[in-house]
Amino acid sequence: MSILDRHIENHKVKAVPGSMMVTNLYTAGVAGEAFLRSLKDREEILGSYCATCKKAFLPAKLFCERCLSRLSEAEAETMKRVAPSEGQLQTFTKVYVDLDNRPLESPQVIGFVTFKGFEGGLIHRIFASNEKKLKAGAKVKVVFEPSHQRKGSILDIAHFEVL
Ligand SMILES: [Zn+2]
């Protein structure tokens with residue numbers, strides 16, 4: 001039977017009990033790895049700079065989005081740009097369920113944060129001690145997880161706090 005054949009008679013489909021070992025490895029890529037290492041090791045939000053377009057991008061990229069030129073190695077000093085620790089909340093939403101559609105214990109605010117001098121931005125958790133401060137255009141500051149809890153993930157940023 002090929003993949004183009006359809007199972008019309010479901011009783012003819014056989015199941016074989018057992019387990020099959022499946023392994024995989026997802027890599028973040030050259031620029032993605034530099035970005036994640038920067039969060040983990042230096043508490044820095046790493047971007048890339050295109051000398052041709054004279055633009056900085058966030059997060060770090062291997063190729064310029066505009067002219068497609070290679071941004072050298074993302075870790076090369078001339079191509080490296082670190083975003084400021086404060087950014088601007090562009091938009092946000094409140095979510096009530098997780099990625100598997102299970103209700104969250106408490107609703108979470110997710111927002112898009114941009115940084116002065118950079119194109120692009122980050123989507124992340126937003127924390128506001130006072131909900132009245134939560135609005136598009138609000139200043140936010142990055143809050144990192146303690147160093148011993150960081151794993152080289154975007155979640156090494158705990159959240160962005162509304163100032
Ligand atoms: Zn460019």
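Residues numbered from 1 in each chain as written. Predicted model: local features only at pLDDT ≥ 70, side-chain atom pairs only at ≥ 80, totals over all residues. Heavy atoms only, no water.

**Regarding the overall build of the protein**
Thinking step 1. Check the secondary structure of the protein and you find one helix and nine strands.
Thinking step 2. Seen in sequence order, the protein has helices and strands lined up from the N terminus as α-β-β-β-β-β-β-β-β-β.
Thinking step 3. Over its C-alpha atoms the protein spans a radius of gyration of 21 Å, topping by over 25% the 15 Å that the globule rule assigns to 163 residues.
Thinking step 4. Counting only C-alpha atoms, the protein reaches 60 × 45 × 35 Å along its principal axes.
Thinking step 5. In the protein, which comprises 163 residues, the proportion classed as buried is 30%.
Thinking step 6. Restricting to contacts in the protein with at least 6 residues of sequence separation, those with at least 24 account for 51%.
Thinking step 7. Carbon together with sulfur atoms contributes 54% to the accessible area of the protein, which is approximately 11,500 Å² in total.
Thinking step 8. Charged side chains of the protein number 24 positive and 19 negative; the gap between the two group centres comes to 5 Å. (Helix = DSSP H or I, 4+ residues; strand = E, 2+ residues; numbered from the N terminus. Rg over C-alpha atoms; globule rule 2.2 N^0.38 Å. Buried < 20%, exposed > 50% of the residue type's maximum accessible area, 1.4 Å probe, protein only. Contact = heavy atoms within 4.5 Å. Areas by Shrake-Rupley, 256 points an atom, 1.4 Å probe, with all protein chains shown as cover. Lys, Arg positive; Asp, Glu negative; His and termini not counted. Charge placed at Lys NZ, Arg CZ, Asp CG, Glu CD.)

**Considerations on the environment of Leu25**
Thinking step 1. Secondary-structure assignment places Leu25 in the segment before α1 (29-42).
Thinking step 2. Spatially, the C-alpha atoms of Leu25 and His11 are 36 Å apart, while their sequence positions differ by 14 residues.

**What to know about the coordination of the zinc ion**
Thinking step 1. Summarising the metal site, the zinc ion is bound by the protein donors Cys50 (SG), Cys53 (SG), Cys64 (SG) and Cys67 (SG), whose distances to it range over 2.3 Å.
Thinking step 2. In this structure, the zinc ion is surrounded by four donor atoms whose angles at the metal cover 106 to 116°, and the resulting shape is tetrahedral.
Thinking step 3. All donor residues of the zinc ion come from one chain, and their arrangement in sequence is C-x2-C-x10-C-x2-C. With Cys53 in the loop between β1 (46-50) and β2 (55-58) and Cys64 in the loop between β2 and β3 (80-82), the pair connects residues that are 11 residues apart, well separated along the chain. (Donors = N, O, S within 2.8 Å, 3.2 Å for Na, K, Ca; no water. Tetrahedral: all angles 85-135°; square planar, octahedral: opposite > 155°, others 65-115°.)

**Considerations on the sheet that holds strand β6 (residues 118-120)**
Thinking step 1. Strands sit in the order β3-β1-β2-β6 across an open sheet of four strands; the sheet is mixed. Of all strands in the sheet, those with a lone pairing partner are β3 and β6, marking the two edges. The average angle at which neighbouring strand axes cross in this sheet is 40°, direction not considered.
Thinking step 2. As defined by bridge partners, β1 adjoins β2 across three bridges and the pair is classed as antiparallel. In the sheet register, Ser48 faces β2, and the bridge partner there is Phe57. (Pairing = 2+ DSSP bridges. Axes fitted to C-alpha atoms, helices over the stretch in contact; angles between N-to-C directions.)

**Focus: α1**
Thinking step 1. The terminal C-alpha atoms of α1, which comprises 14 residues, lie 19 Å apart, in line with the 20 Å expected from a rise of 1.5 Å per residue.
Thinking step 2. Burial in α1 covers these residues: Ala31, Gly32, Ala34, Phe35, Leu36, Ser38 and Leu39.
Thinking step 3. A positive backbone phi angle near 55° is found at Glu43, which sits one or two residues after α1. (Expected span 1.5 Å × (residues − 1).)

**Topic: the pairing of strand β8 (residues 139-144)**
Thinking step 1. Here β8 shows a buried face lined by Val140, Val142 and Phe144 and an unburied face lined by Lys139, Lys141 and Val143.
Thinking step 2. Pairing between strand β4 (residues 86-97) and β8: three bridges, direction antiparallel. Looking at the pairing, Glu86 lines up with Lys141 of β8.

**Some details on the packing of aromatic side chains**
Centre-to-centre distance and the angle between the planes together describe a pair of aromatic rings.
Thinking step 1. Applying the stated criterion to the full structure yields one aromatic pair.
Thinking step 2. The ring centre of Tyr49 lies 4.0 Å from the NZ or CZ of Arg81, which sits over that ring. (Phe/Tyr/Trp six-rings, centres within 6.5 Å; stacked < 30°, edge-to-face > 60°. Lys NZ or Arg CZ within 6 Å of the ring centre and 35° of its normal.)

**What about the environment of Cys67?**
Thinking step 1. Mapped onto the fold, Cys67 is located in the loop between β2 and β3.
Thinking step 2. Separated by 14 residues in sequence, Cys67 and Cys53 place their C-alpha atoms 7.3 Å apart.
Thinking step 3. Setting aside anything within four residues of it in sequence, one finds Cys67 in contact with Cys50, Thr52 and Cys53.

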